[in-house]
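# Understanding the architecture of this molecule
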Amino acid sequence: MSYTELTHEQRDIRDLARRFADEEIAPQAAAWDREHRFPREVFKALGELGLMGVCVPAEHGGAGADFLSYMLVLEELSRADAGVGVTVAVHTSAGTLPILANGTEEQIQRLVPPLAQGHELAAFALTESGSGSDAGAMRTRATAGGAGGPPLLTGTKQWITNGSYAHTFTVFAKDPDRPTAYLVRRGAPGFSVTREEQKMGLNSSSTADLALDSTPGERLGAPGAGMRIALSTLDGGRIGIAAQALGIAQAALELATGYAKERRAFGRPIGGFGAIQQKLADMQTEIEAARALVWRAARLKQAGHPHTVEGAQAKLFASKVARHWTGEAIQILGGYGYTKEFPAERYYRDAKVTEIYEGTSEIQRLVIARALLGEAARES
Ligand SMILES: Cc1cc2nc3c(=O)[nH]c(=O)nc-3n(C[C@H](O)[C@H](O)[C@H](O)COP(=O)(O)OP(=O)(O)OC[C@H]3O[C@@H](n4cnc5c(N)ncnc54)[C@H](O)[C@@H]3O)c2cc1C
């Protein structure tokens, strides 16, 4: 992979993340996957390195780097363990950045520094059992608190990344019929984590269901601005999920390439067979194309330009590349690829979800097609 398109600072941050991922994450990733263990200590260490708030301004406790640097960190972490990658991605893109973008000065001063420094974790609670892609169908409600008290939230949220460990939750609720964003602190009255999900992959991450029963929340942004806040958060978050997919695909490429040099069949390394060479050449080329899309979307976001379509394209393509090529990496490893002796099967399980969360691939295509076709793409 070429370094020349990156600044010195971007390369330094990328190298820092890569070293940490290689030394502290990759050697443990198989065990965390097997034991379904959330490695809390890793996030404290990442916080000390400034990697829990890479693109958060230094005055709010972050590293003050740009959005592309943050994408490079997500790729490196996900290359070692995609569960760690999604924890940091949701914590930063969906948890911390919306407070920075929509919070009052007081909310930012109070809530952002502990998140950016990795002392606390953040989560984003939009999905419910009956509303995923159709987020506007949410049933969680906010009602006015009595005697000037805070609004009270009642409802349930499903599959919330970091749910069992986060301290600050951005929760979306209708008041009475317009979605509005609220900040809820762990331990608030009526707040509970009701279930930790059993998943196909990403076993080192937490995906939990939440219940809110007249739980006090503080409003984030204007009343009725919930959908705008959710959608703009996902516009940036999707670039991060694309970077996560890229990291998984890159890990699979490195594994398959190393294996093709070592494994012998019919008296030669399997890398000597044209069929394996063609696969690896296509795999590397598509990963580089995905990386170019991720970097383009990240640069547009950093420059303050519209990036909805470019983010959707990056996620659509990078997740497809990751899902397809992790499967082909298993093929290159043959029977060993299907066993837990090698991480190819974990990469395959972890890659699949990148086509689902922060907007499914079908929803990304909808976003792209609507921009392309305008009103003609809308059903009557
Ligand atoms: C591991 C994991 C972590 C998650 N973390 C979070 C989190 O932190 N916070 C959070 O709020 N949510 C989270 N989610 C939820 C995730 O964002 C949703 O699963 C996702 O948005 C899809 O919603 P759904 O599962 O309800 O699928 P549905 O919306 O029910 O979709 C089912 C199928 O129908 C298709 N479909 C739906 N609508 C359309 C349409 N208009 N056109 C074409 N096809 C359509 C979908 O693409 C999909 O194939 C997480 C999910 C998982 C699995």
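Residues numbered from 1 in each chain as written. Predicted model: local features only at pLDDT ≥ 70, side-chain atom pairs only at ≥ 80, totals over all residues.

## As for the site of the ligand
Which entries qualify depends on this criterion: The criterion for a residue being near a molecule or strand is simple: its C-beta atom, placed using the backbone, must lie within 6 Å of it. By the criteria applied, helices consist of DSSP H or I runs no shorter than four residues and strands consist of E runs no shorter than two, each listed in order from the N terminus. Each residue is assigned to one class: nonpolar for Ala, Val, Leu, Ile, Met, Phe, Trp, Tyr, Cys and Pro, charged for Asp, Glu, Lys and Arg, and polar for all the others, Gly among them. Residue ranges assigned to each domain were obtained from an automatic or database domain assignment.
The environment of the ligand is made up of 23 residues, and the closest members are Gly132, Ser133, Thr161, Thr360 and Glu362. If you list the elements that add at least two residues to the shell around the ligand, you get strand 1 (122-125), strand 3 (152-161) and helix 10 (361-373). Of the residues that constitute the shell around the ligand, the class distribution is 12 nonpolar, 7 polar and 4 charged. Of the residues that make up the shell around the ligand, three or more belong to each of domain 2 (122-223) and domain 3 (227-377).

## Points about the domain arrangement of the chain
What counts here: Contacts here follow a simple rule: the backbone-placed C-beta atoms of the two residues must lie within 7 Å.
The domains assigned to the chain are domain 1 (8-116), domain 2 (122-223) and domain 3 (227-377). The straight-line distance from the C-alpha centre of domain 1 to that of domain 3 is 20 Å. Counting residues at the interface gives 21 residues for domain 1, matched by 23 residues for domain 3. Within the residue set of the side of domain 1 that touches domain 3, elements represented by two or more residues are helix 1 (8-35), helix 3 (67-80) and helix 4 (82-102). By residue class, the composition of the side of domain 1 that touches domain 3 is 12 nonpolar, 4 polar and 5 charged.

## A few points about the pairing of strand 7 (residues 207-216)
Which entries qualify depends on this criterion: Any two strands between which DSSP finds at least two bridges are classified as paired.
Relative to strand 7, strand 3 is paired through 7 bridges, and the arrangement is antiparallel. Opposite Gly155, over in strand 7, you have Leu212 as the bridge partner.

## Quick notes on the nonpolar core
Rules: Nonpolar cores are identified as sets of buried Ala, Val, Leu, Ile, Met, Phe, Trp, Tyr and Cys residues joined via C-beta atoms within 7 Å. Here exposure depends only on C-beta density: within 10 Å of a residue's C-beta, 20 or more other C-beta atoms make it buried, 12 or fewer make it exposed, and intermediate numbers make it partly exposed, the C-beta atoms being placed from the backbone.
If you look at the biggest cluster of nonpolar residues, it comprises 110 residues, and the most contacted ones within it are Met71, Ala245, Ala249, Ala252, Val294, Ala318 and Ala329. Considering each element in turn, this core owes the most residues, 17 residues, to helix 6 (residues 226-262). Ignoring anything within four residues of it in the chain, the contact list for Val294 reads Met71, Ile239, Ala242, Ala243, Leu246, Ala314 and Ala318.

## Some thoughts on the environment of Ala260
Of note, Ala260 is situated in helix 6. Exposure remark for Ala260: the 19 C-beta atoms within 10 Å place this residue in the partly exposed category. For Ala260 and Phe273, which are 13 residues apart along the polypeptide, the C-alpha to C-alpha distance reads 9.3 Å. When near neighbours in sequence (up to four residues on either side) are disregarded, Ala260 contacts Pro269, Ile270, Gly271, Ile276, Leu280 and Ile332.

## Some points on helix 1
Put simply, the test is: What a helix is expected to span follows from its residue count: subtract one and scale by 1.5 Å.
With 28 residues, helix 1 should cover 40 Å at 1.5 Å per step; its first-to-last C-alpha distance of 38 Å lies within 8% of that length. Every buried residue of helix 1 is accounted for by Ile13, Arg14, Ala17, Phe20, Ala21, Ile25, Ala29 and Asp33. Contacts from the buried residues of helix 1 go to helix 2 (40-48), helix 3, helix 4 and helix 9 (344-352). Positive backbone phi, approximately 50 degrees, marks His36, located one or two places after helix 1.

## Considering the packing of helix 7 (residues 274-302) against helix 8 (residues 308-333)
To be explicit about the condition: Axes here refer to lines fitted to C-alpha atoms; in helices the fit is confined to the stretch in contact. Angles between the N-to-C directions go from 0 to 180 degrees. Note on angle classes: values under 35 degrees are labelled roughly parallel, values over 145 roughly antiparallel, values of 65 to 115 roughly perpendicular, and the remainder oblique. For any helix crossing, the convention is left-handed if the near helix is rotated counterclockwise from the far helix by under a right angle, and right-handed if that rotation is clockwise.
It is the contact of helix 7 with helix 8, at a shortest axis distance of 9 Å, that shows an interaxial angle of 155 degrees. The angle between helix 7 and helix 8 places the two elements in the roughly antiparallel class. The crossing of helix 7 and helix 8 is left-handed. Residues Ile276, Lys279, Met283, Glu286, Ile287, Ala290, Leu293, Val294, Arg296, Ala297 and Leu300 of helix 7 touch helix 8, and the partners they reach there are Glu310, Gly311, Gln313, Ala314, Phe317, Ala318, Val321, Trp325, Glu328 and Ile332. By residue class, the composition of the contact of helix 7 with helix 8 is 14 nonpolar, 2 polar and 5 charged.

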